[in-house]
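Coordinate inspection notes
Each chain is listed here by its residues.
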Amino acid sequence: AQSVSQHNHHVILSEAASLELGCNYSYGGTVNLFWYVQYPGQHLQLLLKYFSGDPLVKGIKGFEAEFIKSKFSFNLRKPSVQWSDTAEYFCAVNARNDMRFGAGTRLTVKP
Amino acid sequence: ETGVTQTPRHLVMGMTNKKSLKCEQHLGHNAMYWYKQSAKKPLELMFVYSLEERVENNSVPSRFSPECPNSSHLFLHLHTLQPEDSALYLCASSPSGGPRELFFGEGSRLTVL
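What comes next is a walk through the structure. (Residues numbered from 1 in each chain as written. Chains lettered and ligands numbered in written order. Predicted model: local features only at pLDDT ≥ 70, side-chain atom pairs only at ≥ 80, totals over all residues. Heavy atoms only, no water.)

**Details of the overall build of chain A**
A tally of helices and strands in chain A yields zero helices and 12 strands. If you list the helices and strands of chain A from N to C, you get β-β-β-β-β-β-β-β-β-β-β-β. The C-alpha radius of gyration computed for chain A amounts to 13 Å, which stays within 12% of the reference 13 Å derived for 111 residues, consistent with globular compactness. Counting only C-alpha atoms, chain A reaches 40 × 25 × 20 Å along its principal axes. A fraction of 54% describes how many contacts in chain A between residues 6 or more apart in sequence connect residues 24 or more apart. Total accessible area on chain A stands at roughly 5300 Å², and carbon and sulfur atoms take up 51% of it. (Helix = DSSP H or I, 4+ residues; strand = E, 2+ residues; numbered from the N terminus. Rg over C-alpha atoms; globule rule 2.2 N^0.38 Å. Contact = heavy atoms within 4.5 Å. Areas by Shrake-Rupley, 256 points an atom, 1.4 Å probe, with all protein chains shown as cover.)

Structure follows, in structure tokens:
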């Protein structure tokens, strides 16, 4: 079965710092890739998704992610974080209709 | 407002109780899911229903029993749970087929005493 790895469990940044959260998956075939965000006390919501085409995808709130097929990676980036980005971020991979999530990365942004 | 509504938001039950979690989606989707979210673990897929038929059951103990009476409603019946079943239970829906972008509810926080 495929798996999804998020290497950082907790990231702490100051406002305006740049962010990169790692995501790697194990499946070798065609995949659809997602990043979800869960703000404190709120539901999981979609940040961005990759289905095909340009491997650099842009999402809401200034987030972007790059699909690198050779590295089985889909890292999430934001050039300048804000305090309001404090949340938990989940990478998800759908392969052959089997959706798997990573364990999540908690991001704390200090004002 | 997510389009996926879960009730109750919080539930405390003893190990001998029987309770149910309810999920309702207003998005016109044909697939619905139950996930278990525990701290520091990946979301665990429990059940998938597509067009009201169960299509996936990931070796979930029988003390969890799903029910999908129609494409808009999904239940998770709970019976004789264990303290380790305490978690956030998330319902999600998606259009059937395709890449399955999921739309989540806010979850039901379950505590088993």
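**Focus on the nonpolar core**
All names here are of chain A. Of all hydrophobic cores here, the largest spans 29 residues; its most connected members are Leu 33, Trp 35, Leu 47, Leu 48, Phe 74, Leu 76 and Tyr 89. Of all the elements in the fold, those that place two or more residues in this core are strand E2 (10-14), strand E3 (19-21), strand E5 (32-38), strand E6 (45-50), strand E8 (64-68), strand E9 (73-78), strand E10 (87-95) and strand E12 (105-110). If you tally residues by element for this core, the top one is E10, at five residues. Leu 48 has contacts with Leu 33, Phe 34, Trp 35, Val 57, Lys 58, Gly 59, Phe 63, Glu 64, Ala 65, Phe 74 and Leu 76, leaving out every residue within four places of it along the chain. (Core = buried A, V, L, I, M, F, W, Y, C linked by side-chain atoms within 4.5 Å. Buried < 20%, exposed > 50% of the residue type's maximum accessible area, 1.4 Å probe, protein only.)

**Some thoughts on the state of the cysteines**
Throughout the structure, instances matching the rule amount to two disulfides over all chains. What pairs with Cys 23 of chain A in a disulfide is Cys 91 of chain A, and their sulfur atoms sit 1.9 Å apart. The sign of the S-S torsion, about -65 degrees, decides the handedness of the disulfide formed by Cys 23 of chain A and Cys 91 of chain A: left-handed. Remark: Cys 91 of chain A occurs in strand E10 and Cys 23 of chain A occurs in the loop between E3 and strand E4 (24-25); sequence separation between them is 68 residues. The residues Cys 23 of chain A and Cys 91 of chain A share a single accessibility class, namely buried. Note on Cys 68 of chain B: no disulfide assigned, nearest cysteine sulfur contributed by Cys 91 of chain B at a separation of 9.1 Å. (Disulfide = S-S within 2.5 Å.)

**Considering the sheet that holds strand E7 (residues 64-70) of chain B**
All names here are of chain B. With antiparallel pairing, the four strands of this open sheet are ordered in space as E1-E3-E8-E7. Here the strands that pair on one side only, and so sit at the sheet edges, are strand E1 (4-7) and E7. On average, adjacent strands in this sheet sit at an angle of 20 degrees to one another, irrespective of strand direction. Here four bridges tie E1 to strand E3 (residues 18-25), and the two strands are oriented antiparallel to one another. Across the sheet, residue Thr 7 finds its bridge partner in E3, namely Lys 22. (Pairing = 2+ DSSP bridges. Axes fitted to C-alpha atoms, helices over the stretch in contact; angles between N-to-C directions.)

**Re the pattern of salt bridges**
All names here are of chain A. Inspection of the entire model under this criterion finds eight salt bridges over all chains. The partner of Asp 85 in a salt bridge is Lys 78, and the shortest N-O contact between them spans 2.9 Å. Each of the two residues, Asp 85 as well as Lys 78, counts as buried. Between Glu 88 and Arg 106 there is a salt bridge, with the nearest N and O atoms lying 3.2 Å from each other. Of this pair, Glu 88 sits in strand E10 while Arg 106 sits in strand E12, placing them 18 residues apart in sequence. A relative accessible area of 44% means that Arg 106 is categorised as partly exposed. Where salt bridges share partners, they join Lys 58, Glu 64, Glu 66 and Arg 77 into one cluster. (Salt bridge = Lys/Arg side-chain N within 4 Å of Asp/Glu carboxyl O.)

**Some thoughts on the packing of aromatic side chains**
The tally for this structure, following the rule as stated, stands at 12 aromatic pairs over all chains. The interplanar angle of 35 degrees and the centroid separation of 5.8 Å between the aromatic rings of Phe 64 of chain B and Tyr 89 of chain B together place this pair among those described as tilted. Note that Phe 64 of chain B is positioned in strand E7 and Tyr 89 of chain B in strand E9 (residues 87-94), a separation of 25 residues in sequence. Taking the relative accessible area as the measure of exposure, Phe 64 of chain B reaches 6% and is therefore buried. Members of the aromatic cluster, each reached through a chain of ring pairs, are Phe 34, Tyr 36, Phe 51 and Phe 101 of chain A together with Tyr 33, Tyr 35 and Phe 104 of chain B. (Phe/Tyr/Trp six-rings, centres within 6.5 Å; stacked < 30°, edge-to-face > 60°.)

**Some points on the interface of chain B and chain A**
In this complex, chain B contributes 19 residues to the contact, which on the side of chain A involves 18 residues. With both chains or domains summed, chain B and chain A bury close to 1600 Å², and 55% of this area falls on carbon and sulfur atoms. Across the chain B-chain A interface, the total number found is one salt bridge. Our count for the contact surface shared by chain B and chain A stands at three residue pairs in polar contact (both at pLDDT 80 or more). (Buried area = accessible area lost by both parts, 1.4 Å probe. Polar contact = N/O pair within 3.5 Å; in protein donor to acceptor, adjacent residues only side chain to side chain.)

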